[in-house]
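Each chain, written out:
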Amino acid sequence: MKGFQLAKKNIQSADVVETNRAYFFSRSIFLSGAKKYILALLLLCSIQILAQTNNTGRTDTAYQRVIAERTAKIVNTLDITDAGKRAKVQEQIAGQYISLNAVHDASKATVTVIKAKQLSKEEIAEAVKKEEGNKSEKLKQLHTQFIAQLKTTLTEEQVEKVKDGMTYRILPVTWTAYLDMLQKLTPVQKDKMYAWLVEARELAMDEGSSDAKHAVFGKYKGRINNYLSAEGYDMKKEGEDWAKRIQAAKEAKQNSN
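Every residue gets a number counted from 1 within its own chain, in the order that chain's sequence is written. Residue-level local features of this predicted model are given only where pLDDT is at least 70; pairs of side-chain atoms are given and counted only at 80 or more, and the full residue set underlies all totals for whole chains, interfaces and linings. Only hydrogens and water are removed before side-chain values are computed, so all heavy atoms of the structure are retained for them.

Looking at the overall build of the chain
Step number 1: Only DSSP runs of H or I with at least four residues qualify as helices, and only runs of E with at least two residues qualify as strands; both kinds are numbered from the N terminus onward. Check the secondary structure of the chain and you find 11 helices and zero strands.
Step number 2: Element order for the chain, N to C, with α for helix and β for strand: α-α-α-α-α-α-α-α-α-α-α.
Step number 3: Working definition: with a 1.4 Å probe on protein chains only, accessible area under 20% of the residue-type maximum means buried, over 50% means exposed, and in between means partly exposed. In the chain, which comprises 257 residues, the share counted as buried stands at 36%.
Step number 4: The contacts of the chain with a sequence gap of at least 6 include a subset with a gap of at least 24, amounting to 68%. We call two residues in contact whenever any of their non-hydrogen atoms come within 4.5 Å of each other.

Structure (structure tokens):
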């Protein structure tokens, strides 16, 4: 994923956007009334045009290759033998990645404009909150459409694999770890924990970076740990005991060789 982030940073013209933003708003400080308003509109148009240019450019060369490699790894887990079907699914996943990044980039540009306006902290906070709501709604729509597309081609099991692939398999890895660490979980506890991890995965799928995806799961793992603590588990002790079991198993395996 570091390669993905590096490619993304190299392709984006963030310095160009920032230079234009600084230039326009340093000039706007000395203007007043209608001129400020007009200049702000010009800035917004400038950033939107740059964002569109960046998105167009990013569908080519390095960014396209990174997306192709990422989607190919996911599709390889689906055991699709039909070449046409395989290409269709890979195109759907790649298209989702590009669409998600477009939404995140556009929202980031909008927030930049909001924060540069001559508004109070409260007004800026409210405007940013509103933009976050707009972004969330767009991401939900993309998510729903994407899953519906996949289901026209893939089985439920294959769709699950796509979801795990787009979130670095954090759900199955985390779930396996919990089951191995806490071996006396009740069915009710397991159901609740797994439901939270599934919810985390659905949200993480729509994030635009590895860090953001992990942050979503981190939030839900915190919720799970709080729940388990309330259920009577000493999570610190459980973790320490689990580490000892892992080390003991490792040593036993080494001794047997």
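This is not the end of the story, as more comes after the structure.
A short note on helix H6 (residues 121-151)
Step number 1: Multiplying 1.5 Å by the residue count of a helix minus one yields the expected span of that helix. Its 31 residues give H6 an end-to-end C-alpha distance of 45 Å, which sits within 8% of 45 Å, the value for a rise of 1.5 Å per residue.
Step number 2: Within H6, burial applies to Ile 124, Val 128, Glu 131, Lys 135, Leu 139, Leu 142, His 143, Phe 146, Ile 147 and Leu 150.
Step number 3: Its buried side turned inward, H6 meets helix H5 (83-116), helix H7 (156-166) and helix H9 (187-204).

Digging into the nonpolar core
As a rule of thumb, nonpolar side chains are buried together in soluble globular proteins.
Step number 1: In this structure, Tyr 178, Leu 182, Met 193, Phe 217, Ile 224, Leu 228 and Met 235 are the most contacted members of the largest nonpolar core, which totals 20 residues.
Step number 2: Top element by residues in this core is helix H10 (residues 210-230). It accounts for six residues.
Step number 3: Residue contacts for Ile 224: discarding those within four places in its chain leaves Tyr 178, Met 193, Trp 196 and Leu 197.
Step number 4: Among buried residues, the Ala, Val, Leu, Ile, Met, Phe, Trp, Tyr and Cys ones that are joined through side-chain atoms within 4.5 Å form a nonpolar core. Within the second largest apolar cluster, 18 residues are counted, among which are Val 75, Val 89, Met 166 and Met 205.

Remarks on the packing of aromatic side chains
Step number 1: Note on ring pairs: Phe, Tyr and Trp rings are taken, using the six-membered ring of Trp, and paired if centres are within 6.5 Å. Classes follow the plane angle, with under 30 degrees stacked, over 60 edge-to-face and the rest tilted. Summed over the entire model, instances satisfying the criterion amount to two aromatic pairs.
Step number 2: Between Trp 175 and Tyr 194 the ring centres are 5.1 Å apart and the planes differ by 65°, which places this aromatic pair in the edge-to-face class. One end of the pair, Trp 175, is in helix H8 (residues 170-181); the other, Tyr 194, is in helix H9, and 19 residues separate them in sequence.
Step number 3: Assessed through its relative accessible area of 32%, Tyr 194 is described here as partly exposed.
Step number 4: Relative to Tyr 227, the ring of Trp 196 lies with its centre 5.6 Å away and its plane at 80°, an arrangement referred to as edge-to-face. You can see Trp 196 sitting in helix H9 and its partner Tyr 227 sitting in helix H10, a full 31 residues away along the chain.

Some points on the confidence of the model for the chain
It should be kept in mind that the predicted coordinates are not to be read in detail where pLDDT is low.
Step number 1: The predictor reports its confidence for every residue as pLDDT, a score running from 0 up to 100. Confidence along the chain averages 82 in pLDDT terms, with 77% of residues attaining 70 or more.
Step number 2: When the elements of the chain are averaged for pLDDT, helix H2 (residues 14-28) gives the smallest value, 34, and H9 the largest, 98.
Step number 3: Here residues 1-59 is a poorly scored stretch, pLDDT under 50, and it has 56 contacts once near neighbours within four places are set aside; other chains count.

Topic: H7
Step number 1: When H7 is considered as a whole, its buried residues turn out to be Gln 158, Val 159, Val 162, Lys 163, Asp 164, Gly 165 and Met 166.
Step number 2: Buried positions along H7 lie against helix H4 (61-75), H5, H6, H8, H9 and H10.
Step number 3: Phi turns positive, to about 60°, at Tyr 168, one or two residues after H7.

Remarks on the packing of H5 against H7
Step number 1: The interhelical angle for the contact between H5 and H7, taken along N-to-C directions, is 40°, at an axis separation of 13 Å. Classified by the interaxial angle, the pair formed by H5 and H7 is oblique. Crossing of H5 over H7 shows right-handed handedness. Between H5, through Lys 85, Ile 93, Gln 96 and Tyr 97, and H7, the contact on the second element is made entirely by Gln 158, Val 162 and Met 166.
Step number 2: Amino acids outside the nonpolar list (Ala, Val, Leu, Ile, Met, Phe, Trp, Tyr, Cys, Pro) and the charged list (Asp, Glu, Lys, Arg) are all regarded as polar, and Gly is one of them. Considering only residue class, the contact of H5 with H7 consists of four nonpolar, two polar and one charged. All axes are obtained by fitting lines to C-alpha atoms, using only the stretch in contact for helices, and the reported angles, taken between N-to-C directions, cover 0 to 180 degrees. Small angles under 35 degrees read as roughly parallel and large ones over 145 as roughly antiparallel, with 65 to 115 read as roughly perpendicular and the rest as oblique. For any pair of crossing helices, the crossing counts as left-handed if the nearer helix is rotated counterclockwise from the farther one by less than a right angle, and right-handed if it is rotated clockwise.

Re the packing of H5 against H6
Step number 1: With their axes 10 Å apart at the nearest point, H5 and H6 run at an angle of 175° to one another. In terms of orientation, H5 and H6 fall into the roughly antiparallel class. Of H6, the residues touching H5 (which contributes Gln 92, Ile 93, Gln 96, Ser 99, Leu 100, Val 103, His 104, Ser 107, Thr 110, Val 111, Ile 114 and Lys 115) are Ile 124, Ala 127, Val 128, Glu 131, Lys 135, Lys 138, Leu 139, Leu 142, His 143, Phe 146, Gln 149 and Leu 150.

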